[in-house]
Amino acid sequence: MTKVGQISRYIKRLNQLLPGLMTSLIVVVLLLLQTWLPLERMVSNQIMRWRGTYSWDSRLVMVSIDDKTLEQFGQYPISRDYYARLLNKLKTEDASVVVFNLILSDSVTSNRFSSEPISKQTDSVERSANERFARAMAIHGRVIVGQVWDVEGNPVEPIPVFSDTALAKGHMRLSADRDGFARSLEVTYGNLPALGIAAIQAYSLEDELVSIPSDLSRMHINWPGPVQNVPTISLADVINGESPPDAFTGKIILVGYGATSGFAPMRTAFNNRWPVPGSYMHAAVIDNVLNQNWLKVLSPKTVAMGLLLLGPCFSWLLYRRNMGVQLLLGVALSGGWILSCVLALKAGYLLPVVSPLVVLSVTTASVIVWGRLQSNAMLQVRSAFLSTMSHEIRTPLNAIMNLSEMLQETPLDERQREYAETLTSSSQTLMALINDVLDFSKIESGRLALEDYPVTLVETVERSLELLATKAAEKDLELVYAIAPTVPSAIIGDPVRLQQILANLLSNAVKFTDAGEVTVRVKARPYRRRPRGLLLTPWRHRRLRHKARPPSNLPPAKGELYEIQIEVSDTGIGIPADRMSQLFKPFSQASASIARQYGGTGLGLSISKRLSERMGGSIWAKSILGRGSTFFFTFQAQESYQAPALPDYVQALKGASVLVIDRNQTRLEQISRELQTLGIQFVQATSLSEAVVFIHNAPMFDGVILDEAIASTSSDISTAVSTLRQAIANERLPILLLSALRRDARPCASHITMLWKPVKQVSLYQALRSIRPQTLAKPTSAVSALSTATETKALSSASSPKSPLTQTRPANLDILIAEDNRINQTVALRLLELLGYGADVVNSGAEALEAIQKRHYDVILMDMRMPDLDGLEATRQIRQLPEHNNIWIIAMTANGMASDRKRCFDAGMNDYLRKPVKREALAQALQRCPVTHQRLSVG
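Residues numbered from 1 in each chain as written. Predicted model: local features only at pLDDT ≥ 70, side-chain atom pairs only at ≥ 80, totals over all residues. Heavy atoms only, no water.

Here the focus is the overall build of the chain. Helix and strand content of the chain: 30 helices and 32 strands. Counting only residues that meet the buried cut, the chain has 47% of its 939 residues in that class. Of the roughly 46500 Å² of accessible surface on the chain, 55% is carried by carbon and sulfur atoms. (Helix = DSSP H or I, 4+ residues; strand = E, 2+ residues; numbered from the N terminus. Buried < 20%, exposed > 50% of the residue type's maximum accessible area, 1.4 Å probe, protein only. Areas by Shrake-Rupley, 256 points an atom, 1.4 Å probe, with all protein chains shown as cover.)

What follows is the structure, given as structure tokens:
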């Protein structure tokens, strides 16, 4: 084998082992840093409960200073005469060892719960009790007492007479973890053995030899079960002679505090809800040593070595298996390890649970992801390249698009204007290409996420038509739409992606249509699952294959699930039958000649197809060469209850009578439906002569909706208006004139309201107010006033032909531009100048921070990528300054990904503009600034 072949073989082996090896290294490092310790403790408690309980050793008896004892003998500390009487009783019954888990020092000879001074008589009584207790200890001969340490580490020793009389001392340190659970204790502390160990040592002297661990520094307690199962007798019952006969013969007696309000409480695996007295920990130690079943644990080095071997071996086992087998192996080995830990605990071994499970689960996920990354490496590289190139292209494109548009607004000769318009058109084409390629890349890499918001379908359709209105008007095309009454007024969906699909289809329709109309129709029906075994024709099957189930991303709304279908029809050139199968493939168009003539990337339909499928639908087309095409796309969505309500003023229109004169059947259908919704009576006519006949038969009309296409010239429109008013005998008859979008359009007579095609719903509602103005009262509430103002603004913007920019009086804003690119600085300054604003400029985030310290600013236009300090970090630091944290910060960046937008808002920015920045978008962003609203209202 050649050296190159050997290297290739080693690389392949490394690929097999690398995910597991990396996982093991990370887990081991976290293990050495004790990161897993809290979780490991919690899991070990559960494993111990799964293991089950076993009986406490019968050679152990607890004598408890419980509530009954305190009720009879007084509050703690009780007189040591009772301990003396206890020892006498235990001596009589020949108890083996007596262990006092009590503090027998001078500090507790008086009642510490009282602030009264100790009298000489009381002190004398206590001394006598201590002497009797010490005498009883000497008579018994095998008494173990405890010692503690205060918070400063000083020993709190028993009274000297107790220390001298007792057989031995043991430490009473309670070893409880941060969660309050007692799991282990020091075998020796301060040269003293643990109290339970000292008890076993004494027990081994005369009764039976018990092996005591000598090589352990810390003993891990193997809890037999709940402490309630320990044989326990109340001290009061022993003193009163009520204890069972021979209950103490040959037993190890542990005397401890067991009242409800116990000192030094702790928890155990079997007493995890309510704390128990700490004396039971020493009972567990005595039980473990008597039965030689304390828990054996693996050293950290052993665990680390095992994990370092486990990860690579498991990674090699999973390599090149399908994902189902990989998941099955991961689950099987994880479950097997948990079972092994339970069985090992029964045998007295405490194995680590969490870190091996993390290695197994993370290695499984890593191998799956590693395989996907390797198989999609080129796709990921391409996506990263496109994202970077998008940013780099958008930066100069921002200048090209905006400066070319500004150039057209300056005095130019015909040739210069032609050059400027070509420059603008080419830059817009390049921008559309970048957006399409980025969207396609995100879809291919699976990084495109759909949003869920309330969507009003009529607004989505109207916005999409408005985008193409100017181009359609240049070709003298009709743009019309009709929405069926079965369509819900609002749904839950992604408004941006819905509009993207619709805009793609409309753009193609307008591009390939030179005369006639482009029509949008929206239909809907409640979604119903189809029964299995339903026979479908091939074309129908293709339409339904993506509708097997509702989309999983929809929220749990209460509305019904609908299947919505949108049709986009045109009267254009049509598509050859042999090219229909290529329509929705990426970078494909009907023919090379079409690509040369009309341009485009061939990505729009492919993106629309992927998006519709993501929304649970599909897309298809029908076409007749030379007569036009119809594109259909469907999606699934739930009805939303956040549907917009009709404005209050339309109630006054109910009962009005309107004559509608329009030869376009689709628009006539939609307008009729709107009038019917408002309760307005109407009559439809398709020509002026037909309208006059209707007037003669029923002359009582409150207004007329007239399409200017009925007449060929403006003089004909004036004649038509005069004819209608004479026929109705009303020279002030309100007329709503539907006009094509052009700059020279003007009302040809008085009392005419212009409605620009395509007609928007809100504009129609506002225009209808002119029919019966005397019945419309002023708004009586702030809410209705705001609604009226909003609708009036919408009407003015939709009912006037597109000018370069419709400007409102700007507020006197103090604006700061934070941008490192000199050209973009110039573009931003010129845009603001055209909008009536001025601004200061800085080159980085650090300079922006310095600038706001010298002067107050209302708005900052912040770039994301800048030297020294980027826009995100600069925004975070501004938000931490109390005197400046209310500055309105607008991101103005070439980073166009959805994640970039989220990063901007997470950093504290208030708005987001993507380069190249449109002048209208910048104006709207500045209008959204709260300072603008305040100053305009004051002005």
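Below, the discussion takes up the side chain of Lys757. With respect to the helices and strands, the residue Lys757 is situated in the loop between strand E27 (752–756) and helix H23 (761–768). When its relative accessible area of 12% is taken as the criterion, Lys757 is described as buried. A polar atom in the side chain of Lys757 sits 3.2 Å from the side chain of Glu478. A polar contact of 3.0 Å, which involves the side chain of Lys757, links it to the side chain of Asp707. Dropping the residues within four chain positions of it, Lys757 is found in contact with Glu478, Arg667, Asp707, Ala709, Leu738, Ser739, Ala740 and Leu741. (Polar contact = N/O pair within 3.5 Å; in protein donor to acceptor, adjacent residues only side chain to side chain. Contact = heavy atoms within 4.5 Å.)

The next subject is the layout of surface pockets. The calculated volume of the second largest pocket comes to roughly 950 Å³. Together, 30 residues line the second largest pocket, and Leu37, Glu40, His220, Val297 and Leu350 are the ones closest to its centre. Among the secondary structure elements, those contributing two or more residues to the lining of the second largest pocket are helix H1 (3–32), helix H2 (37–51), strand E9 (218–220) and helix H10 (300–318). Examining the composition of the lining of the second largest pocket, we find that six residues originate from one element, H2, more than from any other. (1 Å grid on protein atoms, 1.4 Å probe; cavity = no way out; pocket = protein on both sides within 12 Å on 5 of 7 lines; lining within 4 Å. Points joined across faces, edges and corners; volume = space filled by probe spheres on them.)

Before going further, it helps to examine the sheet that holds strand E32 (residues 911–914). Read across the open sheet, the five strands follow the order E29-E28-E30-E31-E32; overall the sheet is parallel. Two strands lie at the open edges of the sheet, namely strand E29 (839–842) and E32, each paired on one side alone. This sheet shows a mean twist of 20° between the axes of neighbouring strands, independent of strand direction. Looking at chain direction, strand E30 (residues 859–862) and strand E31 (residues 888–893) are connected through four bridges and run parallel. (Pairing = 2+ DSSP bridges. Axes fitted to C-alpha atoms, helices over the stretch in contact; angles between N-to-C directions.)

With that settled, consider the pattern of salt bridges. Two side chains bearing opposite charge may form a pair once their charged atoms approach each other closely. Under the criterion given, the structure shown has 34 salt bridges. Here Glu459 and Arg463 are joined by a salt bridge, their closest N and O atoms 3.9 Å apart. Remark: Arg463 and Glu459 occur in helix H15 (residues 457–474); sequence separation between them is four residues, near one turn of the helix. Judged by its relative accessible area of 34%, Arg463 falls in the partly exposed class. (Salt bridge = Lys/Arg side-chain N within 4 Å of Asp/Glu carboxyl O.)

Looking now at a nonpolar patch on the surface. Residues Leu21, Met22 and Leu25 make up a contiguous nonpolar surface patch of about 240 Å² in total accessible area. The residue Leu25 is located in helix H1 in this model. For Leu25, a relative accessible area of 41% corresponds to the partly exposed category. (Patch = residues over 30% accessible without salt bridge, like charges linked within 9 Å, V, L, I, M, F, W, Y side chains within 5 Å.)

This next bit is on empty space enclosed by the protein. Applying the stated criterion to the full structure yields five cavities of 30 Å³ or more. Considered as a void within the structure, the second largest cavity measures approximately 100 Å³ in volume. As for the second largest cavity, its lining consists of 13 residues, of which Tyr481, Arg667, Gln670, Ile671 and Val759 are closest to the centre. Looking at the lining of the second largest cavity, the element that brings in the most residues is helix H20 (residues 665–678), giving four residues.

Any pair of aromatic rings gets described here by the distance separating the centres and the angle formed by the planes. Overall, the coordinates contain eleven aromatic pairs when judged by the stated rule. Both rings, one in Phe73 and one in Tyr82, keep their centres 4.0 Å apart while their planes meet at 15°; by these two values the pair is stacked. Residues Phe133 and Phe162 carry aromatic rings whose centres are separated by 4.9 Å and whose planes lie at 70° to one another, so their mutual orientation is edge-to-face. One end of the pair, Phe133, is in helix H5 (residues 120–140); the other, Phe162, is in helix H6 (residues 160–165), and 29 residues separate them in sequence. Accessibility classification places Phe133 together with Phe162 in one group, the buried group. Taken together through their ring pairs, the aromatic side chains of Tyr83, Phe100, Phe133 and Phe162 make up a single cluster. In this arrangement the basic side chain of Lys296 is found over the ring face of Trp294, its NZ or CZ atom lying 5.3 Å from the centre. (Phe/Tyr/Trp six-rings, centres within 6.5 Å; stacked < 30°, edge-to-face > 60°. Lys NZ or Arg CZ within 6 Å of the ring centre and 35° of its normal.)

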